[in-house]
Amino acid sequence: MKLEELPLLDIFNSLRQRHGLSLGVEEYLVVVRSLEAGFGISDQQELEQLCCMLWAKSEEENRLIRRLFREMWSPKPEREDKSTKPDTSNSPINEQSLLDDQSSDLETPGIIPEPVQAVQAVRSSRGDKEMKRPRYMFLTEYFPVTKRQMKQCWRYLRRPVRQGVATELDIEAPVAKIGREGILLQPVLMPPRTNRTDLVLLIDQEGSMVPFHDLSRQLVETAERGGRLRTTNVFYFHDYPDEYLYRHPAMLDAKAVSEVLEEIGERAAVLIISDAGAAWGNFDQERVDNTKAWIEQLQQLVRYYAWINPMPSECWRQTTAGEIARFVPMFEMSPQGMNAAISVLRGRYIVVKELDESLCF
């Protein structure tokens, strides 16, 4: 089985465009790298199994991938001899008819598509010494804020408190003692400063937040591993917290909202991540009212809270997000927006200019 003869790209595009599977560049490259390493190229069954393992997320998707492979492997019918076709070299070219012919060839079951150009490019680029630099660059981060910037923002979220064994030299105390007594017999030590910030992330899941799940995961990962915070607790909800918050992103391990708020503590920093309905571009008064009731409950127990919206601020106008932003310090997901949200969580005064210059927190 030759790699260039595999209908890999056609099946991949069909899964994404015609059948709606959430596959990206990384999933496609994983299969290509596996094939280059020698996996899945011995026979058809092994290739199907490889693609099912790496692309399918359910039994239904597994059956879909196998069905597409069966259609692709079916024998190619004989085409009409080119000699019988009329000569159109001197006639005007109908671009629409060409597009229709190409699309019909790709969508007709039982016809093996043309060799995959992407696979050929990957293989040939290794030995192409004339190419000085690659024409395309595959990126691992498509987010408006990189992991490095996220970690830097989290490290600004600090409330240092001197705690523990006295190991640092206190400069002011010895100077004052010398001024009073005229002599210093022993140095004065004090405990080191430690960050006592407790961060609570409340993340909107499912619905319009599906495209931002990877972004939410990176926020959680950078806060837990690089934030240098005392504690980081993560809870999930859908649209707005009604009665329960969930510790698992699949809406499992429920806990009552009242219990979570009581355990948070007054000086904890609460950061909400949600598009607040801006992704749909509509206005939902019920969501506004329920969110406002929940924020009022939060305000009674927590001093520092902010809202990060993955949608650009210009998309908030005349939507549910624009109304929620009037009673919650809301910022867009950008380096400037994250820095502003961190400043609010530290108790700093911020003027919000995205929607209304009169809004301030």
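Note that the structure is predicted; figures quoted are calculated from it, not measured.

> Pulling in residues and values, what's your account of a nonpolar patch on the surface?
Taken together, the side chains of Leu169, Ile171, Val175 and Leu189 make up a nonpolar region of the molecular surface, amounting to roughly 390 Å² of accessible area. Examined against the element boundaries, Ile171 turns out to sit in the loop between β2 (168-169) and α8 (172-181). In this structure Ile171 comes out as exposed when scored by relative accessible area, which is 56%.

> Now, about the packing of helix α2 (residues 25-36) against helix α3 (residues 44-55): what can you tell me, with residues and values included?
Orientation of α2 relative to α3, taken along the N-to-C sense of each, is 145 degrees, at an axis distance of 10 Å. Read as a crossing pair, α2 and α3 show a hand that is right-handed. For the pair α2 and α3, contact is made by Glu27, Tyr28, Val30, Val31, Ser34 and Leu35 and by Leu47, Leu50, Cys51, Leu54 and Trp55, respectively. Here the residues of the contact of α2 with α3 are counted per class, giving nine nonpolar, one polar and one charged.

> Run through the nonpolar core, naming residues and quoting values.
In this structure, Trp154, Leu199, Leu201, Leu202, Val270, Leu271 and Met338 are the most contacted members of the largest nonpolar core, which totals 59 residues. Beyond its immediate stretch of four places on either side in the chain, Met338 contacts Val145, Met150, Cys153, Trp154, Leu219, Ile308, Glu332 and Met333. Of all hydrophobic cores here, the second largest spans 22 residues; its members include Phe12, Leu15, Val32 and Phe69.

> Requested: an account of the side chain of Ser208, with residues and values cited.
In this fold, Ser208 is placed in the loop between β5 (198-204) and α9 (213-226). According to the relative accessible area criterion, Ser208 is buried, its value standing at 9%. A polar side-chain atom of Ser208 sits 2.9 Å from a polar atom in the side chain of Asp275. Aside from chain neighbours lying at most four places away, what touches Ser208 is Asp275, Ala279 and Trp280.

> Run through the packing of aromatic side chains, naming residues and quoting values.
A complete count under the given rule lists three aromatic pairs for this structure. Relative to Trp55, the ring of Phe12 has its centre 5.3 Å away and its plane inclined at 55 degrees; by these criteria the two rings are tilted. Of the two residues, Phe12 is situated in helix α1 (residues 8-18) and Trp55 in helix α3; the sequence distance between them amounts to 43 residues. Under the relative-accessibility criterion, Phe12 is labelled buried at 6%.

> Can you break down the environment of Leu215 residue by residue, with the values?
Among the secondary structure elements, Leu215 is positioned in helix α9. For the pair formed by Leu215 and Phe143, sequence separation is 72 residues and the distance between their alpha carbons is 6.9 Å. Apart from the residues lying within four places of it in its own chain, the contact partners of Leu215 are Phe143, Met150, Pro310 and Met333.

> Break down the side chain of Glu61 for me, with residues and values.
Within the element layout of this structure, Glu61 appears in helix α4 (residues 59-73). Lacking a salt bridge, the buried Glu61 has Lys57 as its closest oppositely charged neighbour, with an N-O distance of 5.3 Å.

Criteria and cut-off values
Residues numbered from 1 in each chain as written. Predicted model: local features only at pLDDT ≥ 70, side-chain atom pairs only at ≥ 80, totals over all residues. Heavy atoms only, no water. Patch = residues over 30% accessible without salt bridge, like charges linked within 9 Å, V, L, I, M, F, W, Y side chains within 5 Å. Areas by Shrake-Rupley, 256 points an atom, 1.4 Å probe, with all protein chains shown as cover. Salt bridge = Lys/Arg side-chain N within 4 Å of Asp/Glu carboxyl O. Helix = DSSP H or I, 4+ residues; strand = E, 2+ residues; numbered from the N terminus. Buried < 20%, exposed > 50% of the residue type's maximum accessible area, 1.4 Å probe, protein only. Axes fitted to C-alpha atoms, helices over the stretch in contact; angles between N-to-C directions. Left-handed = near helix turned anticlockwise from the far one by under 90°. Contact = heavy atoms within 4.5 Å. Nonpolar A, V, L, I, M, F, W, Y, C, P; charged D, E, K, R; others polar. Core = buried A, V, L, I, M, F, W, Y, C linked by side-chain atoms within 4.5 Å. Polar contact = N/O pair within 3.5 Å; in protein donor to acceptor, adjacent residues only side chain to side chain. Phe/Tyr/Trp six-rings, centres within 6.5 Å; stacked < 30°, edge-to-face > 60°. Lys, Arg positive; Asp, Glu negative; His and termini not counted.

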